[in-house]
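Letter by letter, the chains look like this.
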Amino acid sequence: MKGPANALMSRLSNWLFGLDYDRWIIVDVESSGLNARKDRLISIAATAIVFDGRGHPRIALSDSFEVILKQPPHVFAALDKSNILIHGIGQGAQEKGVEARVALQAFLDYVGDSPLIAFHSWFDETLINRALKKVLGKRTHRRWVDLEHVAAVLHREDHRLALDVWLQRYSIVCDQRHQAASDVMATAELFMRLWPMIEKRKAGTWPGIQKIASGLKTLPGRGAF
């Protein structure tokens, strides 16, 4: 099934799963450290992948989101300057950030019913949902997919490769690594480069891409991931 008919079936499939079928969200975060269960969420960046009437995706630069969360005063007494060197968000920017309640509600409003994709999504999902639970008493929906899993399954790659490796493999240039807005654009570009392989599997729906990601357990050495 090709062309408009395939796009119609994709939309029907996604609609049945209660999704915004023509808009998926790529997400990236910056944090105070690498422990998603303990460290603080500092910033969120996101951009939309939108689908046309034929089911073809594109990166929607005009449909993007970025926010730095205002950090509580007590954290600056033990601020990790080496961490700031990684993400580039200094104390001044963190002090002048958006109040967490406002920033996180804005993120939820931006996402709406659109499914979420991130590279190593467990980290992003955990940090965002910890902050949401603490501040708003809620969490995002559970429709997340890890793009690292998708890439690994499509390439039959049994190693846990970093984003930098995939970017190099596809000759994708990231303006400033470990800066959320730049990383999210690089991740979106990686998604677009993987899309022809996704289409080849006739998996261009949300359930389809979830099924690809779930195939990780079939790769040697990856079943316990």
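Residues numbered from 1 in each chain as written. Predicted model: local features only at pLDDT ≥ 70, side-chain atom pairs only at ≥ 80, totals over all residues. Heavy atoms only, no water.

Engineer: Requested: an account of helix H8 (residues 180–200), with residues and values cited.
Structural biologist: The terminal C-alpha atoms of H8 lie 30 Å apart, and with 21 residues this matches the ideal 30 Å at 1.5 Å per residue to within 8%. At Leu194, H8 shows its strongest bend, of approximately 40°, with the proline Pro196 following within four residues. Looking only at H8, the buried set comprises Ala180, Ser182, Asp183, Val184, Ala186, Thr187, Ala188, Leu190, Phe191, Leu194, Trp195 and Ile198. (Helix = DSSP H or I, 4+ residues; strand = E, 2+ residues; numbered from the N terminus. Expected span 1.5 Å × (residues − 1). Bend = angle between axes of the 7 residues up to and from the residue. Buried < 20%, exposed > 50% of the residue type's maximum accessible area, 1.4 Å probe, protein only.)

Engineer: Mind laying out helix H6 (residues 147–155), listing which residues take part and the relevant values?
Structural biologist: Along an α-helix, residues three or four apart share an orientation, since each turn contains 3.6 residues. The buried fraction of H6 amounts to eight of the nine residues, a majority that puts the element mostly inside the structure. Every buried residue of H6 is accounted for by Leu147, Glu148, His149, Val150, Ala151, Ala152, Val153 and Leu154. Those residues of H6 hidden inside the fold are in contact with strand E4 (116–118), strand E5 (144–146), helix H7 (163–169), H8 and helix H9 (206–214). Near the N-terminus of H6, the side chain that reaches the backbone nitrogen of Glu148, with its oxygen 2.9 Å away, is that of Asp146. Positive phi appears at Arg156, one or two residues downstream of H6, with a value of about 55°. (Contact = heavy atoms within 4.5 Å. Polar contact = N/O pair within 3.5 Å; in protein donor to acceptor, adjacent residues only side chain to side chain.)

Engineer: An account of the environment of Gly97 is needed here, citing residue identities and associated values.
Structural biologist: Looking at the secondary structure, you find Gly97 in the loop between helix H3 (91–95) and helix H4 (100–111). When its relative accessible area of 15% is taken as the criterion, Gly97 is described as buried. Once the C-alpha coordinates of Gly97 and Leu69 are considered, the two residues, 28 residues apart in sequence, prove to be 4.8 Å apart. In contact with Gly97, other than residues within four places in its own chain, are Ile68, Leu69 and Lys70.

Engineer: Explain the packing of aromatic side chains residue by residue, including any values.
Structural biologist: In this structure the tally under the stated criterion is eight aromatic pairs. Considering the side-chain rings of Trp24 and Phe191, the 6.1 Å spacing of their centres and the 70° angle between planes classify their relative orientation as edge-to-face. One end of the pair, Trp24, is in strand E1 (residues 23–31); the other, Phe191, is in helix H8, and 167 residues separate them in sequence. Judged by relative accessible area, Phe191 falls into the buried class, the value being 0%. On the numbers, 6.2 Å between centres and 70° between planes, the contact of Trp24 with Trp195 is edge-to-face. (Phe/Tyr/Trp six-rings, centres within 6.5 Å; stacked < 30°, edge-to-face > 60°.)

Engineer: Quick one: what's the story with the packing of H4 against helix H5 (residues 121–135), residue by residue and with numbers?
Structural biologist: Viewed as axis vectors pointing N to C, H4 and H5 meet at an angle of 120°, and their least axial separation amounts to 10 Å. Regarding the angle of H4 to H5, the classification is oblique. As H4 packs across H5, the resulting crossing turns out to be left-handed. Contact residues: H4 offers Ala100, Arg101, Leu104, Phe107 and Leu108, while H5 offers Ile128, Ala131, Leu132 and Val135. Split by residue class, the contact of H4 with H5 holds eight nonpolar, no polar and one charged. (Axes fitted to C-alpha atoms, helices over the stretch in contact; angles between N-to-C directions. Parallel < 35°, antiparallel > 145°, perpendicular 65-115°, else oblique. Left-handed = near helix turned anticlockwise from the far one by under 90°. Nonpolar A, V, L, I, M, F, W, Y, C, P; charged D, E, K, R; others polar.)

Engineer: Any details on the nonpolar core? Residues and values, ideally.
Structural biologist: If you look at soluble globular proteins, the nonpolar side chains tend to sit buried side by side. The biggest cluster of nonpolar side chains holds 38 residues, and the ones touching the most others in it are Trp24, Val150, Leu190 and Phe191. Put simply, the parts of the chain that give this core at least two residues each are E1, strand E2 (41–51), H6, H7, H8 and H9. It is H8 that provides the largest number of residues to this core, a total of nine residues. Judged by nonpolar contacts, the second largest core, of 29 residues, contains Ile44, Ala60, Leu69 and Val111. (Core = buried A, V, L, I, M, F, W, Y, C linked by side-chain atoms within 4.5 Å.)

Engineer: For the packing of H6 against H8, give the residues involved together with the corresponding values.
Structural biologist: Relative orientation and spacing of two packed helices are given, respectively, by the angle between their axes and the distance between those axes. Between H6 and H8, the shortest axis-to-axis distance is 11 Å and the interhelical angle comes to 35°. Every pair of crossing elements has a handedness; the one defined by H6 and H8 is left-handed. Judged by residue contacts, Leu147, Val150, Ala151, Leu154 and His155 of H6 engage Thr187, Leu190, Phe191, Leu194, Met197 and Ile198 from H8. Of the residues belonging to the contact of H6 with H8, the class tally is nine nonpolar, two polar and no charged.

Engineer: How would you explain the pattern of salt bridges if you had to name every residue and give the values?
Structural biologist: All chains considered together, the criterion is met by five salt bridges. The partner of Arg169 in a salt bridge is Glu157, and the shortest N-O contact between them spans 3.3 Å. Pair noted here: Arg169 is in helix H7 and Glu157 is in the loop between H6 and H7, with a separation of 12 residues, a long-range link. For Glu189, the salt bridge identified is with Arg193, shortest N-O distance 2.9 Å. Here Arg193 and Glu189 lie together in helix H8, a separation of four residues that amounts to about one turn. A relative accessible area of 33% means that Arg193 is categorised as partly exposed. (Salt bridge = Lys/Arg side-chain N within 4 Å of Asp/Glu carboxyl O.)

Any functional reading would require information beyond the geometric quantities listed.
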